[in-house]
Amino acid sequence: MSQLPALIPTTLILAGLLSLLVGLRSLRAGHLIALTGTVVSFLVSVIGLLEVPSSGQPIRYALGGWIPPIGIEFVLDHLAAYMTTLVTGIGVLVLIYAPRSIRHESPGKAALTYPSMALLVAGLAGMSITGDLFNLYVFLEIAALAAYALLATGRRGGAFATLRYLLIGAVGGGFYLLGVGFIYFSVGSINMADVAARLPELLESRSVISGAVLMVLGLALKMGLFPLHFWMPDVYTNAPSSSAALIAPIMTKVSAYAIVRLMLDVFPPGFFTEALPIAATIGWMSAAGILFGSIIAIGQQDYRRMLAYSSVGQIAYVGLGIALANPIGLIGGLLHIVNHALMKGLLFLIGGAIQWRTGLVRIPDMVGLGKKMPWTMYAFVIAVLAMVGIPPTAGFFSKVYLMIGAVQADAWVWFAVIVLSSLLSAIYFFRMVEFVFRDVEGAEESADDSATGGVSADELRGAVAGEVPPSMFIPIAILSAAVILVGVFNFLIVRALLEPAVAPLLGG
Amino acid sequence: MTIEFFAGRYPYILIAVLLAIGLYGMTMKRNLLKKVIGMTIFQTAIYLFFIQGAFKQGATIPVYTEEFGTDPTLYMNPLPQVIVLTAIVVGVAITGVALSLLLVTYRRFGSLDEEVIIQSMRESA
Amino acid sequence: MDGFLDLAPLLAILASAVAAVAVPLTGEKRRNLRETWTVLAAVVKFSLIAMMIPGVLAGERYGMDLLEIAPGIGLSLRVDPAGLLFATSASFLWILTSFYAFGYMRGANEAKQSRFFSMLAACLSATIGLCFSGNILTFVIFYEILSVATYPLVIHSGSKKAYEIGRQYLIYALTAGIALVAGLAAIYAVTGTLDFQPGGFLDAEMGMPFLWTVFLLFALGFGVKAGVMPLQSWLPNAMIAPTPVSALLHAVAVVKAGVFGFVRLVGYIFGPELFGAMGAATFLAILAAITILVASLIAITKDDLKARLAYSTVGHLSYIVLGIAILAPQAMLGAAFHMITHAAMKITLFFCAGAIYVHTGKKKVSQLDGIGRQMPLTMAAFGVGAVGLAGVPLVGGFVSKWYLGVGALDAGLSIYLWVFLLSGLLNAAYLVPIVTRAFLRSSPDHTRFNEASPLMVVPITITMLFALLLGIHPDGVFRFFSLAEAIVASVTGVTFTGGI
């Protein structure tokens, strides 16, 4: 049982490397290996997810037998189990989905895509469970490198957009590393638990304060918090669908999670709110980001660009949860990590399905899709309801928690921002629902011919009655169900995982 | 006073200047290659910061020798150096990816000027 | 039996939810089977709800807590007189509407009937859900589902105009929904509870700015659905939906959900005392009084029959809101009872309008001269509804208006009595001439007796009898009057002896 934490990233790294080697010979086998690795680590995560709350104790694993704080330590606690399950789960679904979509959108790149996906998931899962500040940096960059590889293979501007992402990512990573340096030289340790134990005496130290600021700033850059989000729209628009579907839901969230981890488990309670105005800064950036993202999204014509701007707004909900820094607000933010990952993953997968089936990427062209691929569009409606926050879908509850948190923190402006943003997202999403379900008279036939993407009749034969093939539709169906189930049973998650996780905020 | 302040900290000042140069290059330069150069300067400054932080006057490398015995003050702290080694590996990987992206971008757009590329992307969209 | 009745609210919600899924799965081709699902669900739902009436009147509060999210927030179902009153009327009328809708949809040869019946069932699930909600969170959840489930019905025709109206509808409904969520969050953050309590659970110590913020958020949230001016403009537009929707949702279920929200707000969140003391009652009463008069005046000018009925609905919803805002026990009783009587009368009128449209294709008031000869049953029912809304004795409307008026006098607010009387006259002015002209004038179009399909005429007759019975023996139908009395008793502590 104590090996669980180590199994999660190592399985993925091994699978990634093996998949790369095998993939050069047989794509199919390469894909299978990456998928198997992800499935195994997902199962291990689920075991952890069940084990941790029932024992109430985190599972610790000292890497290489070096006893912490000397060696690196993996800690699978409530929050880490929550994150790894999410990250590996999304990984499994996207890997199931990917082959068809890649063959269609970026042929010839598949051999590199599957290993990169496995490594990306490895990096993010590693970030989630590591108990070491520097190790977090390493996993951060592993994930980032894999992401660059995945994103660059898309449309014409993909490489350029990714390069800009890489530059901002390098600055973010650099700041974080610098922050780790400051903490190490003043505290003398980089083990999270050890640092937390030693910090209370050193809170006045200027280098501790600089370290904290640098680390959070670096992570905020990685998280794509407004106004540091500018790379996001171009990247998501130009990336292959399946890459965007893997990266958009989880990549920025894990950075947000890392900030939460610093706030809860490294720095003492109140440090980010009282000693330093870090939380407030994040809060205002988030509030601005929510409004900015939602408003800009309204004007977008490209489906994925719209989703990207929406993501700018949605990640900021998590930011607001961090900024509120009271238990219920933070629970809202953390719950939104999962909720948004599910909804956004779903929306990107649907975008890929639309592109596969019809070749369409622009929203105005999607008129009448409801007839052509009804089941995919029902899934789309579920995703939209969740994004707007209609109960009982997942999106509703995180917003309610955030609102309650905002009132408790007397943050009325942020409260108003959350209220307003729901309406804004309703505007751009319902506009699209209206589009896809509208009947097109006469125009339908001609649009049909010109837009049948690159899908040959042979490929379509495997598809469900004009829909996408099962390998693409099943992940969509699973995510749709998850969006509703997580909404209905969100209290289970909150009870078992999030309440214990935010306990340090209460000064415990 | 001022002189003493700087004299005691000149390595750090050098690091800060390097960081600033790197950031300047990444944000202000329009040429993508210069941005990548800025990035490597920025990263190098961080490595230097760790090495400087671990440096001890009169201490030796952290490998046990009879001559120095077991007095920890006579050895340099190995941890930051390990960190730097790892960070360099990461940095090289990032630079490698950046350069390959640079090449692809140049092939696709025939330019490394950010403004020109953005213009060209806007036109094609 | 009691254990079973605790499950009854949940089962009542699920009954139509099952139908909402079964209907589209059965599909257009097997439409008789599809229709069976609707009828089955409607009957099961109504029976479950009706079974609870005796117990609730005896003081039982059936229900269960489904899930608890955090202390004090969770999903909980509780049946109290207020919820049961509304639920009984909505579920009873759904049975009639179902049959009527089969006739209407087939008669008008509408497309997408599966989607229509499925969404109608979903709306009913949501309505019953919010009736039986034990706390604000549950209420808001069902309220939001109701908003969204109505959208496909509003855009049913698929025309450009319908989509435009649908957009307006969504903006109104979602704004309302988010206002409620905001109000809910504010209340929870301050009080730590969201459970409805007869007599309210907020108190003046929480500070006027907070209380007014909460009040305004909730008033916005409920005011949209209740069509209180200036938030009414979506309602007449929503008449673009097929008539069964206008009849059941936009005269009963959806709009009354807003009114029911005001009942909850005044009686179970603020409590009448605080509501009056903070001045919110006066504010709300003035808005409602203006709405009553202005809506009645607009109704006179409308030539489109459904538009005229829609404005009449706007006015009558505000009767109920005004009755609540007057705060006197008698007025509250009248308001609660008016929820039922208005439902009975207005659904009759809409059914008639739909029957006329499907059968003759006529939509405008000016085209209806002499139609009484062709469709005497329909027009007779229309007449009953019309005089009932005007407040003529022997129809249900008289009873509720009587109590509303008495309540206004009791509270020393005789001005509102004049509002009721004046609007009664206006009601007569815009509805009664339709009937007299239908019977007294003659037109070459309508000479032979030729009624609409029995699927429509029978429900019309039943709702008409329902409206009459409420006027003759108010407690005779499903004990609505006793339920209304029980609401007032639980909220204000005033009990009525003897009744009517």
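Residues numbered from 1 in each chain as written. Chains lettered and ligands numbered in written order. Predicted model: local features only at pLDDT ≥ 70, side-chain atom pairs only at ≥ 80, totals over all residues. Heavy atoms only, no water.

### Regarding the overall build of chain A
- Scanning chain A for helices and strands turns up 22 helices and two strands.
- The C-alpha radius of gyration computed for chain A amounts to 22 Å, which stays within 12% of the reference 23 Å derived for 508 residues, consistent with globular compactness.
- Each principal axis of the C-alpha atoms in chain A carries an extent, and together these give about 75 × 55 × 45 Å.
- Put simply, chain A has 508 residues, and 66% of those count as buried.
- A separation of at least 24 residues holds for 81% of the contacts in chain A among residues at least 6 apart in sequence.
- Here chain A has roughly 15,500 Å² of accessible surface; of this, 67% comes from carbon and sulfur atoms.
- For chain A, the distance from the average position of its 26 positive side-chain charges to the average position of its 26 negative side-chain charges is 6 Å. (Helix = DSSP H or I, 4+ residues; strand = E, 2+ residues; numbered from the N terminus. Rg over C-alpha atoms; globule rule 2.2 N^0.38 Å. Buried < 20%, exposed > 50% of the residue type's maximum accessible area, 1.4 Å probe, protein only. Contact = heavy atoms within 4.5 Å. Areas by Shrake-Rupley, 256 points an atom, 1.4 Å probe, with all protein chains shown as cover. Lys, Arg positive; Asp, Glu negative; His and termini not counted. Charge placed at Lys NZ, Arg CZ, Asp CG, Glu CD.)

### Considering the confidence of the model for chain A
Residues and elements named next belong to chain A.
- Confidence along chain A averages 86 in pLDDT terms, with 94% of residues attaining 70 or more.
- By mean pLDDT, helix 19 (residues 443–450) is the weakest element of chain A at 40, and helix 5 (residues 133–151) is the strongest at 93.
- When the criterion is pLDDT under 50, residues 442–454 qualifies, and its contacts beyond four places in sequence or with other chains add up to 11 contacts. (pLDDT = per-residue confidence, 0-100.)

### What about unusual backbone geometry?
- The amide bond that connects P391 of chain A to the next residue, P392 of chain A, takes the cis arrangement and shows omega of 0°.
- The linkage connecting M229 of chain C with the following residue, P230 of chain C, adopts the cis geometry, with an omega of 5°.
- With respect to the secondary-structure elements, P230 of chain C resides in the loop between helix 8 (208–226) and helix 9 (234–237).
- Residue A325 of chain A is not a glycine yet carries a positive backbone phi of 55°.
- Counting through the fold element by element, A325 of chain A comes out in the loop between helix 13 (303–324) and helix 14 (327–358).

### A look at helix 16 (residues 376–390) of chain C
Residues and elements named next belong to chain C.
- Between its terminal C-alpha atoms helix 16 stretches 21 Å, which fits the 21 Å expected from 15 residues at 1.5 Å a residue.
- A large share of helix 16 lies buried, amounting to 11 of its 15 residues.
- Among all positions in helix 16, only T378, M379, A381, F382, G383, V384, G385, A386, G388, L389 and A390 are buried.
- At its buried positions, helix 16 is contacted by helix 13 (305–326), helix 14 (329–360), helix 15 (371–374), helix 17 (396–410), helix 18 (414–440) and helix 19 (454–472).
- The positive-phi residue at the C-terminal boundary of helix 16 is G391, with phi of around 100°. (Expected span 1.5 Å × (residues − 1).)

### Points about the interface of chain B and chain A
- Across the contact, 37 residues belong to chain B and 33 residues belong to chain A.
- Approximately 3,000 Å² of surface area, both sides summed, lies buried where chain B meets chain A, with 82% of it carried by carbon and sulfur atoms.
- On the chain B side of the contact with chain A, F49, L101 and R108 of chain B bury the most area, a combined 19% of that side's loss.
- Applying the counting criterion to the chain B and chain A interface returns one salt bridge.
- A salt bridge links E114 of chain B to R164 of chain A; the nearest nitrogen and oxygen atoms lie 3.4 Å apart.
- One can count two residue pairs in polar contact (both at pLDDT 80 or more) joining chain B with chain A.
- Looking at the side of chain B that touches chain A, the elements with two or more residues in it are helix 1 (2–28), helix 2 (32–54), helix 3 (78–109) and helix 4 (114–124) of chain B.
- The leading source of residues in the side of chain B that touches chain A is helix 3 of chain B, at 16 residues.
- Within the side of chain B that touches chain A, the residues separate by chemical class into 27 nonpolar, seven polar and three charged. (Buried area = accessible area lost by both parts, 1.4 Å probe. Salt bridge = Lys/Arg side-chain N within 4 Å of Asp/Glu carboxyl O. Polar contact = N/O pair within 3.5 Å; in protein donor to acceptor, adjacent residues only side chain to side chain. Nonpolar A, V, L, I, M, F, W, Y, C, P; charged D, E, K, R; others polar.)

### Considerations on the environment of V75 of chain A
Residues and elements named next belong to chain A.
- Mapping V75 onto the fold places it in strand 2 (residues 73–76).
- Separated by 16 residues in the primary sequence, V75 and I59 have C-alpha atoms spaced 5.8 Å apart.
- Each residue touching V75, except ones within four places of it in the same chain, is listed here: P58, I59, R60, A80, I129 and G131.

### So, the interface of chain C and chain A
- Tallying the contact residues gives 27 residues for chain C and 31 residues for chain A.
- Buried surface at the junction of chain C and chain A, both sides included, amounts to about 2,600 Å², of which 78% is carbon and sulfur.
- Remark: the boundary between chain C and chain A carries one salt bridge.
- A salt bridge links R167 of chain C to E434 of chain A; the shortest N-O distance between them is 2.8 Å.
- Scanning the region where chain C abuts chain A turns up one residue pair in polar contact (both at pLDDT 80 or more).
- The dominant element in the side of chain C that touches chain A, judged by the number of residues it contributes, is helix 7 (residues 160–191) of chain C, at 13 residues.
- Of the residues assigned to the side of chain C that touches chain A, the class counts are 22 nonpolar, one polar and four charged.

### Topic: the pattern of salt bridges
- Evaluation of the coordinates by the stated rule reveals 17 salt bridges over all chains.
- Between E73 of chain A and R60 of chain A there is a salt bridge whose closest N-O contact spans 2.9 Å. With a gap of 13 residues between them, E73 of chain A in strand 2 and R60 of chain A in strand 1 (residues 59–62) connect regions that are remote in the sequence.
- Using a relative accessible area of 42% as the deciding quantity, one classes R60 of chain A as partly exposed.
- Here E499 of chain A ties to R495 of chain A by a salt bridge, and the two come within 3.5 Å at their closest N and O atoms. One end of the pair is E499 of chain A and the other is R495 of chain A, both in helix 22 (residues 490–501) and four residues apart, which spans about a single turn.
- Since its relative accessible area comes to 29%, E499 of chain A is described here as partly exposed.
- The exposure class of R495 of chain A is partly exposed, given its relative accessible area of 36%.
- A network of salt bridges, in which partner residues are shared, links R164, D234 and R305 of chain A together with K35 and E114 of chain B.

### Considering the nonpolar core
- Ranked by internal contacts, the top residues of the largest apolar core, which has 437 residues, are L133 and F267 of chain A together with F270 of chain C.
- With residues up to four places along the chain from it excluded, the contact list for F270 of chain C reads G199, G200, L202, L211, V214, F215, L265, F275 and M278 of chain C. (Core = buried A, V, L, I, M, F, W, Y, C linked by side-chain atoms within 4.5 Å.)

### Observations regarding the packing of aromatic side chains
- This structure, assessed with the given rule, holds 52 aromatic pairs over all chains.
- Centre to centre, the rings of F226 of chain A and F292 of chain A are 4.8 Å apart; their planes meet at 40°, and the pair counts as tilted. Placement of the pair is F226 of chain A in the loop between helix 8 (206–223) and helix 9 (231–238) and F292 of chain A in helix 12 (residues 278–298), with a sequence separation of 66 residues.
- Judged by its relative accessible area of 19%, F226 of chain A is buried.
- Looking at F292 of chain A, the relative accessible area reads 27%, which means it is partly exposed.
- With centroids separated by 5.8 Å and ring planes inclined at 45°, the aromatic side chains of F218 of chain C and F222 of chain C adopt a geometry described as tilted. Taken together, the residues F218 of chain C and F222 of chain C, both in helix 8 and four residues apart, mark about one turn of the helix. An identical accessibility class is assigned to F218 of chain C and F222 of chain C; each is buried. (Phe/Tyr/Trp six-rings, centres within 6.5 Å; stacked < 30°, edge-to-face > 60°.)

### Describing a nonpolar patch on the surface
Residues and elements named next belong to chain C.
- Nonpolar side chains collect at one region of the surface, where F4, L7, L11, L14, V18 and M51 lie side by side and expose about 470 Å² of accessible area between them.
- The biggest single contributor to the nonpolar patch is helix 1 (residues 2–26), with five residues.
- Looking at the secondary structure, you find M51 in helix 2 (residues 31–51).
- Judged by relative accessible area, which is 34%, M51 ranks as partly exposed. (Patch = residues over 30% accessible without salt bridge, like charges linked within 9 Å, V, L, I, M, F, W, Y side chains within 5 Å.)

### Observations concerning the arrangement of the chains
- Contacts are most numerous between chains A and B, considering all two pairs of chains that are in contact.
- The two units chain B and chain C remain apart, with a minimum C-alpha distance of 29 Å.

### Here's the deal with the packing of helix 14 of chain C against helix 19 of chain C
All names here are of chain C.
- Where helix 14 meets helix 19, the axes come as close as 9 Å, and the angle between the chain directions of the two elements is 155°. On the basis of their axis angle, the class for helix 14 and helix 19 is roughly antiparallel. Between helix 14 and helix 19 lies a crossing whose hand is left-handed. Along its contact with helix 14, which presents F337, I340, T341, A344, M345, I347, T348, F351, C352, G354, A355 and V358, the element helix 19 presents M456, P459, I460, T463, M464, F466, A467 and L470.
- Of the residues in the contact of helix 14 with helix 19, the class split is 16 nonpolar, four polar and no charged. (Axes fitted to C-alpha atoms, helices over the stretch in contact; angles between N-to-C directions. Parallel < 35°, antiparallel > 145°, perpendicular 65-115°, else oblique. Left-handed = near helix turned anticlockwise from the far one by under 90°.)

### With respect to helix 10 (residues 241–266) of chain A
Residues and elements named next belong to chain A.
- Its 26 residues give helix 10 an end-to-end C-alpha distance of 37 Å, which sits within 8% of 38 Å, the value for a rise of 1.5 Å per residue.
- The axis of helix 10 is deflected most strongly, by about 35°, at I247, and proline P249 appears within four residues downstream.
- Summarising burial for helix 10: 25 of the 26 residues are buried, a large majority. (Bend = angle between axes of the 7 residues up to and from the residue.)

### As for the side chain of S41 of chain A
- Mapped onto the elements, S41 of chain A comes out in helix 2 (residues 27–55).
- For S41 of chain A, a relative accessible area of 0% puts it in the buried group.

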